[in-house]
Amino acid sequence: MDEMARGDRKQPVEENEEEDSVTNCPPGMTEKIRLIPEIEGYGDKFRSCLENGKVGYIWNPYVSVCFKDKSLSDIQGDGYMPPTCPYVEVARRRAYENFKKKFYAAFKWIVENGQSQKVDKKQNKQNKITMESIWKELPSHSILERFYFAFKVDETFRIMQNRREKALGPLPKRGDVIQITRLLDQGNDEGYLIDPILLPPFQKHRVGDGLLKREIVFQFTREWKRATKGKDCDDLPTYFSSKPFQKRCSKITKMINDLCVEAESNLMQDLKKKASETILNSGNKKRNKKYTPKLLFESQKATDSDDSVEYYTLTFSGLSFRVGKAHFEKLQRLFDRHNTSSASIEEHHHLFLCDLFALLARYDLLEGAGLQSSISGNVFDVLLKHFGCNFECFASPFNCRYERFCSAFPDTDRSFGSLGSFFNFDFEALSHGGCFQANPPFTSDFLLKMCERMEKLLNNTSITAPFMFVVFVPAWQDSQGWKALSTSSSMAHHLFLSQKDDPHYYCEGTQYRRMKSRYRIASFDTSIFFMQNMPAKEQWPISESVIQELKTAFQTNPDDKILVESKETAKYETKVTPDTTKARQGPTQKIKNNVGKDQPSFENNRKQKRKSVDTVEKRKKTKQKFADDDQSQMMILSSLGILDSTSTSLRRTDAKKSKRAKK
């Protein structure tokens, strides 16, 4: 059978309590097959791990997350997404990219050919800014991104509710194209499965019409205030209820609904076609071998230093995705810990590559990298030290701090430690309670639902175990989500960090494929809410010293630590890092390595440095073209040769470069 299409062993694996119990207690488990040796010291629940973004750890590999007397099947909840595999992700990506392309083209046509143009001009005869001009300035990308997220959140809650009402059992963890196609076809018709990427037609979820109009009104109001420099328009409410506005919104709604139906149909046709090919080629072993994603290890010189950047590239069906070496080794270790039933090292390696490709393809397709940002390891260490917090409510295999977490995509993240959705996780089943960190997506509706779930748990008087949530959100005080958190009866303390007065750092959402720093300074004020029930307030009091320590950790950029250390220390730390010293086992030794090729000799070091300097100068000149101040504009004129002195210096620079080229 087509192993590429399945991304699985020869038979699908069903969930069982025996496998869950082994995975749940890693320090005492019997390891069978691994891609990378386990790190020494693993199993300590309270061991902190100093984070250093360039030469140190990007997560805490030592802490083991166990739930004592509970198995994973007791707390994980039922799934609501069908299993996936590399080919399903390729087909899903193809359908969604086609959907986006047609959406942008159709949205532009509707905006430019609206029938309300005459009415708008007549109503705004005395205004320089007309309603029609605002329509043409609406950002179609922002409308789709925000509407998409709100619609998928609402769909997820509806599907989870339907599955609870029907008392449906758990879904298989893995499956081939035939099984996945059958599950999707049946689930879409009966309304108990959710596609993780594609939007459902509005006939199945009628709230889509209202969510889309709400987003258009929001973007229209924001563009109007921007065009009028913050002035409110008394005519906007009247215009929003007018027939021309409603008619144009209806056109956009119908257009998106038709595209959703088309995308769903295209995906199912593609999968059914592949399923037929899978049946025909089930006995062809040679054809099946080439369907494992190809892995390539590469290294390249950094343009602004003598350091080299190492990363892996995974390719399948014409799609290639890059992941940094540190994140690749992290994912290897997570996969080893949570997949312990492989029959052979070849099978284990094949499953890892298939699951890794599906993971990379999924997160590469997400709209908005900010939805994946996280706090730094320094902040996590403070929470671990004082509250024993070792579990994240909203994370991904790329940015998770510990081996267990909740995430948005159980189908791709389960193999790397995810326990499913935060809203589907049974916190009440944890008899010993716990402290949990939450850095949710920054949307008001999502924050409201999260706050409702937390309050339901924390206000349950029948629960005697201590429960605590430490929530990190932007301090958008006008949003309903922030107001719900700040006025919650369970809120024990609120720490406010100003962007201007208290600069602090977040990890980039696309950190796993970035070639430089993982961190960025916050572009907004941050609120940290400490949500506790009464037992938690007694066990974990919020003292001023803890607040100050947390504040200091948040204001520290882990990359800055390298400036204090010497070069010898940095090299020494790189050598003793357990993630990089252990040798690969099994098929991972066959990975192609380009590190040793074309290494420059000592005599060519001067030329290499000169090239890097020239590259930096070129980049600086390119950046200057986008400056707005007067001095930068003068530099632009100089770079174009308009100013005599600058043009002369440029000629001299060109002459020097030509002489070096001749030599």
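## Notes on the sheet that holds strand E6 (residues 467–474)
Adjacent strands of a sheet form backbone hydrogen bonds with each other and so pair up, either parallel or antiparallel.
Okay, so step 1: Pairing is mixed in the open sheet, where 4 strands are placed in the order E5-E6-E10-E7. In this open sheet, the two edge strands, each paired with only one partner strand, are strand E5 (434–438) and strand E7 (491–497). Averaged over all pairs of adjacent strands, the angle between their axes in this sheet comes to 15°, without regard to strand direction.
Okay, so step 2: Inspection of the sheet shows E5 paired to E6 by 5 bridges, in the parallel sense. Bridge pairing in E6 links Gly434 to Phe467.
Okay, so step 3: Strands in contact with helix H15 (residues 377–387) are E5, E6 and strand E10 (526–532); relative to E6, the strand with the most contacts, it is inclined by about 160°.
Okay, so step 4: Against the sheet, helix H17 (residues 444–458) contacts E5, E6 and E10, and its axis sits at roughly 165° relative to E6.

## Quick word on the packing of aromatic side chains
Okay, so step 1: Under the defined criterion, the tally for this structure stands at 49 aromatic pairs.
Okay, so step 2: Relative to Phe409, the ring of Tyr363 lies with its centre 5.6 Å away and its plane at 90°, an arrangement referred to as edge-to-face. With Tyr363 in helix H14 (residues 345–364) and Phe409 in the loop between H15 and helix H16 (410–413), the pair connects residues that are 46 residues apart, well separated along the chain.
Okay, so step 3: The class of Tyr363 is buried, set by a relative accessible area of 5%.
Okay, so step 4: In this structure Phe409 comes out as buried when scored by relative accessible area, which is 8%.
Okay, so step 5: An angle of 65° between the planes, with centres 6.0 Å apart, marks the rings of Trp482 and Phe529 as edge-to-face. A residue pair is termed long-range when its members are at least 10 positions apart, and Trp482 in helix H18 (residues 480–486) and Phe529 in strand E10 qualify at 47 residues.
Okay, so step 6: Given a relative accessible area of 0%, Phe529 falls into the buried group.
Okay, so step 7: Here the aromatic residues Phe149, Phe157, Phe391, Phe394, Phe422, Phe423, Phe425, Phe427, Phe436, Phe446, Phe467 and Phe469 are joined through ring pairs into a cluster of three or more.
Okay, so step 8: In this arrangement the basic side chain of Arg337 is found over the ring face of Tyr42, its NZ or CZ atom lying 3.6 Å from the centre.
Okay, so step 9: Note that Lys449 overlies the ring of Phe157, its terminal NZ or CZ placed 4.6 Å from the centroid.

## Focus on the environment of Leu365
Okay, so step 1: Structurally, Leu365 is set in the loop between H14 and strand E4 (374–375).
Okay, so step 2: Looking at Leu365, the relative accessible area reads 7%, which means it is buried.
Okay, so step 3: Residues Leu365 and Ile197, 168 residues apart in the sequence, show an inter-C-alpha distance of 8.4 Å.
Okay, so step 4: When near neighbours in sequence (up to four residues on either side) are disregarded, Leu365 contacts Arg93, Tyr96, Glu97 and Ile197.

## Here we look at unusual backbone geometry
Okay, so step 1: Unusually for a residue other than glycine, Ser317 sits at a positive phi of about 50°.
Okay, so step 2: Residue position: Ser317 is located in the loop between strand E2 (308–316) and strand E3 (319–324).
Okay, so step 3: According to the relative accessible area criterion, Ser317 is partly exposed, its value standing at 47%.

## Side note on the packing of helix H4 (residues 86–112) against helix H7 (residues 140–166)
When two helices pack together, their arrangement is given by the angle between their axes and by how far apart the axes lie.
Okay, so step 1: It is the contact of H4 with H7, at a shortest axis distance of 10 Å, that shows an interaxial angle of 130°. As far as their axial angle goes, H7 and H4 are oblique. For H4 against H7, the interelement crossing comes out right-handed. Contacts from Tyr96, Phe99, Lys100, Phe103, Tyr104 and Phe107 of H4 reach H7 at Ser140, His141, Ile143, Leu144 and Tyr148.
Okay, so step 2: Of the residues that constitute the contact of H4 with H7, the class distribution is 8 nonpolar, 2 polar and 1 charged.

## Some words on the environment of Phe469
Okay, so step 1: Following the sequence through the fold, Phe469 ends up in strand E6.
Okay, so step 2: We classify Phe469 as buried; its relative accessible area is 1%.
Okay, so step 3: In the structure, Phe469 is positioned 15 residues away from Met454 in sequence and 7.9 Å away in space, judged by C-alpha atoms.
Okay, so step 4: Once residues lying within four places of it in the same chain are set aside, the contact partners of Phe469 are Cys393, Phe422, Phe427, Phe436, Met454, Leu457, Leu458, Phe529, Phe530 and Met531.

## Quick look at the confidence of the model for the chain
Okay, so step 1: Overall, the prediction assigns the chain a mean pLDDT of 76, with 70% of residues at 70 or greater.
Okay, so step 2: Overall, residues 1–30 carries pLDDT values under 50, and its contacts beyond four positions in sequence, including any with other chains, amount to 85 contacts.
Okay, so step 3: For residues 561–613, every residue scores under 50 in pLDDT, and the model assigns this stretch 67 contacts once sequence neighbours within four places are set aside.

Parameters at a glance
Residues numbered from 1 in each chain as written. Predicted model: local features only at pLDDT ≥ 70, side-chain atom pairs only at ≥ 80, totals over all residues. Heavy atoms only, no water. Pairing = 2+ DSSP bridges. Helix = DSSP H or I, 4+ residues; strand = E, 2+ residues; numbered from the N terminus. Axes fitted to C-alpha atoms, helices over the stretch in contact; angles between N-to-C directions. Contact = heavy atoms within 4.5 Å. Phe/Tyr/Trp six-rings, centres within 6.5 Å; stacked < 30°, edge-to-face > 60°. Buried < 20%, exposed > 50% of the residue type's maximum accessible area, 1.4 Å probe, protein only. Lys NZ or Arg CZ within 6 Å of the ring centre and 35° of its normal. Parallel < 35°, antiparallel > 145°, perpendicular 65-115°, else oblique. Left-handed = near helix turned anticlockwise from the far one by under 90°. Nonpolar A, V, L, I, M, F, W, Y, C, P; charged D, E, K, R; others polar. pLDDT = per-residue confidence, 0-100.

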